[in-house]
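Here's the letter readout for the chains.
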Amino acid sequence: MAGKNSTSLPLYQTISRKNNLKNVFSIIILFLLLSLLFYRLFSLSSNHHFHLLLAFFCELWFTLNWLAFISTIWNPVDYKTYPHRIFQGEGKEVPPVDLFVTTADVELEPPIITVNTVLSLLAVDYPANKLACYVSDDGCSPLILYSLMEASNFAKLWVPFCKKHNLQVRAPFRYFSNTNNIMFDSREFQQEWKNIKDEYERLCCKIEDAVQNSAVPSGLSGDFAVFSNVQRTNHPTIIKVIWENNGGVEDGLPHLVYISREKRPKHPHHYKAGAMNVLARVSGLMTNAPFMLNVDCDMFMNNPKVILQAMCLLLDSKSHKEVAFAQFPQVFYDLLKDDPYGNQMVVLFEYVARGIAGLQTALYGGTGCFHRRQVIYGLSPDDIEIGQAGKIGEDELNQIFGSSKDFKNTAAMALRGSNDSLRNASKSVEAAYQVAGCGYERGTSWGSKVGWIYGSTTEDIHTGLVIHKKGWRSVLCTPEPPAFLGCAPNSGPSSMTQQKRWATGLLEILFSKNCPIFLTLFEKLQFRQCLAYLWLLSWGLRSIFELCYAALPAYCIITNSHFLPKAEEPAFYIPISLLVIYNIYTLSEYFTTGQSIRAWWNNQRMGRIKTMGPWFLGLLSVILKLLGISQTVFEVTKKDQASSSDGSSEEDQADAGRFTFDESPVFVVLTTILFVQLAALAIGFLGLSLPAHQEGEGFGFLEVLCSVWLVLSFWPVLKGFFGKGKYGIPLSTICKSATMAFLFVHLCRR
């Protein structure tokens with residue numbers, strides 16, 4: 001197999017990045033945090049007030065969190081790949097790859113978005129007879145099937161056009177929206193380009209008409225008869241082989257298969273993790289490729305060499321014993337200027353993701369990831385080392401993988417490391433219906449030991465953690481141009497929904513049997529890997545400490561007390577230095593990644609908003625789940641397909657960055673915090689604070705600074721008081737928040 005010849009050149013190189021200056025600043029910040037803790041302990045020795053004790057616990061949390069963060073980012077790495085070397089080994093055959101695309105809601109995820117992602121994957125630079133594309137429609141919509149069937153006809157023109165002219169961008173909506181970069185170097189190309197563009201516009205019109213009419217043109221007949229009387233959460237399995245590369249033609253089109261798994265009201269379906277496991281089983285029966293790529297429906301392929309890039313990392317001579325998956329970072333297109341919602345994650349991927357990759361623990365991000373099928377089927381490095389791969393008895397296969405004889409045979413083949421693709425999609429449809437049934441997993445290891453892991457709305461992180469606990473490592477690949485591009489949430493409510501789901505899912509993992517602490521003590525998760533996971537999984541817990549710390553300056557102003565050093569104390573310069581140095585530290589990150597100071601500030605304020613709003617609600621959701629009162633719900637984030645070339649005016653683009661609101665409880669929390677700070681500042685400046693217990697104990701400059709800083713951080717919420725329509729905070733939210741803020745002030749003054 002390519003890449004396994006011991007005499008061949010390596011397929012990738014690990015490059016350590018210099019991080020000395022950043023590490024020095026990190027240590028200085030840690031020293032200041034420890035100094036603040038020592039000051040707090042000294043203060044508590046003579047003053048046992050509750051608010052000082054609360055400040056100590058918050059600052060202790062911030063210090064421990066920063067320590068875990070330093071460990072995570074300490075030694076970042078990059079991986080440089082050499083795709084041309086894949087063909088220099090003993091064999092020139094590249095392995096088969098199955099491509100998974102997931103969509104769950106035809107309204108929140110318009111079909112044209114899914115179609116563009118699929119078309120980009122079908123046109124990737126890789127032998128078509130080595131690929132199969134499976135689309136999971138968890139919303140069971142005939143519109144998705146209709147759109148894919150129409151797209152398969154267009155693909156017969158689009159894929160050859162892309163490969164003939166070696167196009168870089170292969171999602172048609174993106175390619176045709178950037179006409180300024182197209183060189184019409186011949187009349188023949190210009191005419192061909194126009195014909196393809198006209199065909200794409202006809203495809204878009206057909207899909208748009210079907211969406212607006214909420215029905216396919218032919219009605220529920222023929223291929224669509226199976227959608228009669230179906231509901232999103234109550235329907236049989238539907239599998240359609242839309243296109244099959246019967247002749248194994250290298251330059252043709254890959255297989256294209258539509259799957260909507262069976263759902264019944266009384267059977268748990270485990271959200272995206274359940275859909276991914278059905279894709280793994282159905283693809284295992286039809287093609288059984290040794291590698292699988294999964295992408296969300298909005299993440300189109302942006303680099304035609306992406307599969308070859310991934311194979312460099314997965315086919316290297318030692319990789320089959322060490323590397324479980326290759327993750328590509330999430331990069332977004334048509335970004336709003338200055339990242340007003342703080343969700344573009346440029347700095348996160350530039351520093352944190354590369355730092356985690358330095359621990360050989362690149363996190364599985366749920367999209368843009370190439371998996372080794374053996375690993376998804378539960379294989380560990382030890383199994384390979386002792387030669388136990390695939391040596392499983394019939395009874396054990398039944399307990400692990402279920403009762404399907406055909407699937408057990410293909411699973412055994414995959415575990416043995418076979419690279420032979422089955423390529424018999426149509427012949428396997430009947431068996432595929434069995435493994436896609438809602439009751440198939442009962443009594444098996446699916447979701448617990450094999451496949452995507454259940455029990456969390458962030459199934460990606462959970463699955464990656466279970467893989468890492470077995471001793472596997474993973475790699476982060478960051479090619480240029482980016483491998484995949486997607487769309488980020490572009491409104492307040494959708495951003496809050498996404499953040500709440502993340503915080504909820506991460507906490508579900510933290511409070512499960514797969515807590516990183518347990519996996520370090522009893523499994524093979526390394527200590528620094530544990531710290532990285534703890535830093536991530538504790539996002540929701542951070543909300544408690546930030547909320548408490550945010551309440552302290554308001555409490556102190558109202559009660560005329562203090563929790564931070566006064567101006568006459570030498571310790572006064574500790575929090576001042578901490579504020580200045582930390583902001584210089586973060587500001588340098590944004591400048592280094594080519595972002596503006598406005599983008600830095602937007603991310604700083606959104607950091608406070610996300611932590612104290614959606615993350616706090618995520619924590620409450622998990623608490624209710626642990627108490628058995630309610631279950632967490634997977635909330636799909638709304639996707640919008642836009643283009644920077646769509647002729648939008650500057651005013652339209654400015655409106656897109658304005659914060660929008662709805663009646664979600666998350667805005668009640670945020671509005672309450674703002675009311676509390678405004679009330680405290682008003683009380684302080686009007687001289688209505690309670691008398692100090694003794695001279696010199698009143699609130700000081702730092703308490704006022706903290707409160708003002710919070711008001712500035714919540715500026716979008718403040719503007720919402722005066723906005724109208726979706727740009728204004730609903731009156732019911734304002735009333736609820738004002739009542740809770742009044743109760744806080746009243747209790748402080750008692």
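Residues numbered from 1 in each chain as written. Predicted model: local features only at pLDDT ≥ 70, side-chain atom pairs only at ≥ 80, totals over all residues. Heavy atoms only, no water.

Trainee: Summarise the pattern of salt bridges; cite the residues concerned and give the values.
Mentor: Tallying each qualifying case throughout the model produces 28 salt bridges. Among the salt bridges present, the one from Asp98 reaches Arg373, with a minimum N-O distance of 2.7 Å. Residue Asp98 is found in strand β3 (residues 97-103), and its partner Arg373 is found in helix α11 (residues 373-376); the two are separated by 275 residues along the sequence. The same class applies to Asp98 as to Arg373, namely buried. The partner of Glu201 in a salt bridge is Lys197, with the nearest N and O atoms 2.6 Å apart. Of the two residues, Glu201 and Lys197 both sit in helix α6 (residues 187-213), four residues apart, roughly one turn of that helix. Its relative accessible area of 37% is what places Glu201 among the partly exposed residues. Connected via shared salt-bridge partners are Arg17, Asp78, Glu350 and Arg354. (Salt bridge = Lys/Arg side-chain N within 4 Å of Asp/Glu carboxyl O. Helix = DSSP H or I, 4+ residues; strand = E, 2+ residues; numbered from the N terminus. Buried < 20%, exposed > 50% of the residue type's maximum accessible area, 1.4 Å probe, protein only.)

Trainee: For the nonpolar core, give the residues involved together with the corresponding values.
Mentor: Ranked by internal contacts, the top residues of the largest apolar core, which has 127 residues, are Trp158, Ile307, Met311, Phe370 and Phe484. Examining the composition of this core, we find that twelve residues originate from one element, helix α4 (residues 142-164), more than from any other. With sequence-adjacent residues up to four places away left out, Met311 is seen in contact with Leu11, Ile86, Pro95, Val97, Tyr126, Phe291, Asp316 and Phe370. Ranked by size, the runner-up nonpolar core spans 45 residues in total, among them Ala273, Phe325, Leu379 and Val429. (Core = buried A, V, L, I, M, F, W, Y, C linked by side-chain atoms within 4.5 Å. Contact = heavy atoms within 4.5 Å.)

Trainee: Lay out the side chain of Arg40 in plain terms, naming residues and giving numbers.
Mentor: With respect to the helices and strands, the residue Arg40 is situated in helix α1 (residues 20-46). Note on Arg40: relative accessible area 0%, which makes it buried. At a separation of 2.7 Å, a polar atom in the side chain of Arg40 contacts the side chain of Glu59. In this view, Arg40 contacts Leu52, Ala55, Phe56, Glu59, Tyr549, Phe563 and Leu564; residues no more than four positions away in its chain are not counted. (Polar contact = N/O pair within 3.5 Å; in protein donor to acceptor, adjacent residues only side chain to side chain.)

Trainee: A description of the packing of α1 against helix α21 (residues 573-592) should follow, citing residues and the corresponding values.
Mentor: The geometry of α1 relative to α21 is characterised by a closest axis approach of 10 Å and an angle of 155° between their N-to-C directions. The orientation of α1 with respect to α21, classified from their angle, is roughly antiparallel. Seen along the crossing, α1 lies across α21 with a hand that is left-handed. Contact with α1, carried on its side by Lys22, Phe25, Ser26, Ile28, Ile29, Leu32, Leu33, Ser35 and Leu36, involves Ile574, Pro575, Ser577, Leu578, Ile581, Tyr582, Ile584, Tyr585 and Glu589 of α21 and no other residues of that element. Class assignment of the residues belonging to the contact of α1 with α21 gives a composition of 13 nonpolar, three polar and two charged. (Axes fitted to C-alpha atoms, helices over the stretch in contact; angles between N-to-C directions. Parallel < 35°, antiparallel > 145°, perpendicular 65-115°, else oblique. Left-handed = near helix turned anticlockwise from the far one by under 90°. Nonpolar A, V, L, I, M, F, W, Y, C, P; charged D, E, K, R; others polar.)

Trainee: Any chance you could break down the pairing of strand β2 (residues 77-81) for me, citing the residues and the numbers?
Mentor: By the criterion of burial, β2 is predominantly enclosed, with four of the five residues buried. Note that strand β1 (residues 12-16) and β2 share five bridges and pair antiparallel. Bridge pairing links Ile15 to Asp78 in β2. (Pairing = 2+ DSSP bridges.)

Trainee: How would you summarise empty space enclosed by the protein if you had to cite specific residues and measurements?
Mentor: Tallied over the entire structure, the rule returns three cavities of 30 Å³ or more. Looking at the second largest cavity, the residues that line it are Val375, Ile376, Lys449, Val450, Gly451, Ile453, Thr463, Val466, Ile467 and Lys470. When residues of the lining of the second largest cavity are traced back to their parent elements, those giving at least two are α11 and α16 (459-469). The element contributing the most residues to the lining of the second largest cavity is α16, with three residues. (1 Å grid on protein atoms, 1.4 Å probe; cavity = no way out; pocket = protein on both sides within 12 Å on 5 of 7 lines; lining within 4 Å. Points joined across faces, edges and corners; volume = space filled by probe spheres on them.)

Trainee: Describe the packing of aromatic side chains, and please don't skip the residues or the numbers.
Mentor: Geometrically, a pair of aromatic rings is defined through the distance of the ring centres and the angle of the planes. One pass over the full model with this rule turns up 45 aromatic pairs. Summarising the aromatic geometry, the rings of Trp61 and Phe545 are spaced 4.6 Å apart at their centres and angled 5° between planes, so their arrangement reads as stacked. Taken together, the residues span a long stretch of sequence, with Trp61 in helix α2 (residues 50-73) and Phe545 in helix α20 (residues 539-559) at a distance of 484 residues. Residue Trp61 is classed as buried on the basis of its relative accessible area, which comes to 17%. On the basis of relative accessibility, which here comes to 22%, the residue Phe545 falls in the partly exposed class. Ring geometry for Phe154 and Trp158: centres 5.9 Å apart, planes at 20°, overall stacked. Here the residue Phe154 and the residue Trp158 both occupy positions in helix α4, the gap between them amounting to four residues, near one helical turn. A single burial state applies to Phe154 and to Trp158, both of which are buried. An aromatic cluster is present here, built from Phe154, Trp158, Phe161, Tyr175, Phe176, Phe189, Trp193 and Tyr200 joined pairwise through their rings. Sitting above the plane of the Tyr82 ring, Arg85 keeps its charged end 3.9 Å from the centroid. (Phe/Tyr/Trp six-rings, centres within 6.5 Å; stacked < 30°, edge-to-face > 60°. Lys NZ or Arg CZ within 6 Å of the ring centre and 35° of its normal.)

Trainee: Can you tell me about the environment of Val708, naming the residues and giving the values?
Mentor: With respect to the helices and strands, Val708 occurs in helix α26 (residues 701-713). Taking C-alpha positions, Val708 is 23 Å from Pro570, a pair spaced 138 residues apart along the chain.

Trainee: Describe the sheet that holds strand β5 (residues 238-243), listing the residues and the values that go with them.
Mentor: Spatially, β5-β6-β4-β3-β7-β11-β9-β12 is the arrangement adopted by the eight strands of the open sheet, whose pairing is mixed. Looking along the sheet, the strands with just one partner apiece sit at the ends: β5 and β12 (473-476). Going across the sheet, the axis of each strand differs from the next one's by a mean of 20°, ignoring polarity. Pairing between β3 and strand β7 (residues 291-296): six bridges, direction parallel. Bridge pairing in β7 links Thr102 to Asp296.

Trainee: Give a detailed account of the confidence of the model for the protein chain, specifying residues and quantitative values.
Mentor: Confidence in the prediction of the protein chain, expressed as mean pLDDT, is 91, and 94% of residues score 70 or more. Counted against residues more than four places away or in other chains, residues 1-7, with its pLDDT under 50, gives 15 contacts. (pLDDT = per-residue confidence, 0-100.)

Trainee: Quick one: what's the story with the pairing of strand β6 (residues 255-260), residue by residue and with numbers?
Mentor: Burial of β6 is extensive: six of the six residues sit out of reach of the surface. The pairing of strand β4 (residues 131-137) with β6 spans five bridges and is classified as parallel. From the neighbouring strand, Ser136 faces β6, where its bridge partner is Ile259. Note that β5 and β6 share five bridges and pair antiparallel. Within β6, the residue paired with Trp243 across the bridge is Leu256.

Trainee: An account of the sheet that holds strand β10 (residues 331-332) is needed here, citing residue identities and associated values.
Mentor: Taken in spatial order, the three strands line up as β8-β13-β10 in an open sheet, and their pairing is mixed. Since the sheet does not close on itself, it has two edges, and those belong to β8 (300-301) and β10, each with one partner. Where β10 and strand β13 (residues 484-486) come together, two bridges link them in parallel fashion. What sits directly across from Val331, in β13, is Leu485.

Trainee: Quick one: what's the story with unusual backbone geometry, residue by residue and with numbers?
Mentor: With omega at 0°, the peptide bond leading from Glu480 into Pro481 counts as cis. Relative to the elements of secondary structure, Pro481 occurs in the loop between β12 and β13. At Asp339, a position not held by glycine, the phi torsion is positive, near 50°. Residues other than glycine seldom take positive phi values, yet Asn560 does so here, at roughly 60°. Since its relative accessible area comes to 18%, Asn560 is described here as buried.

Trainee: With reference to specific residues and values, describe the packing of α21 against α26.
Mentor: When two helices pack together, their arrangement is given by the angle between the helix axes and by the axis-to-axis distance. Axis separation between α21 and α26 bottoms out at 11 Å; the angle between their running directions is 30°. Judged on the interaxial angle alone, α26 and α21 are roughly parallel. Note on element contacts: α26 touches α21 through Phe701, Leu702, Leu705 and Trp709, opposite Pro575, Ile576, Leu579 and Asn583. For the contact of α21 with α26, a count of residues per class yields seven nonpolar, one polar and no charged.

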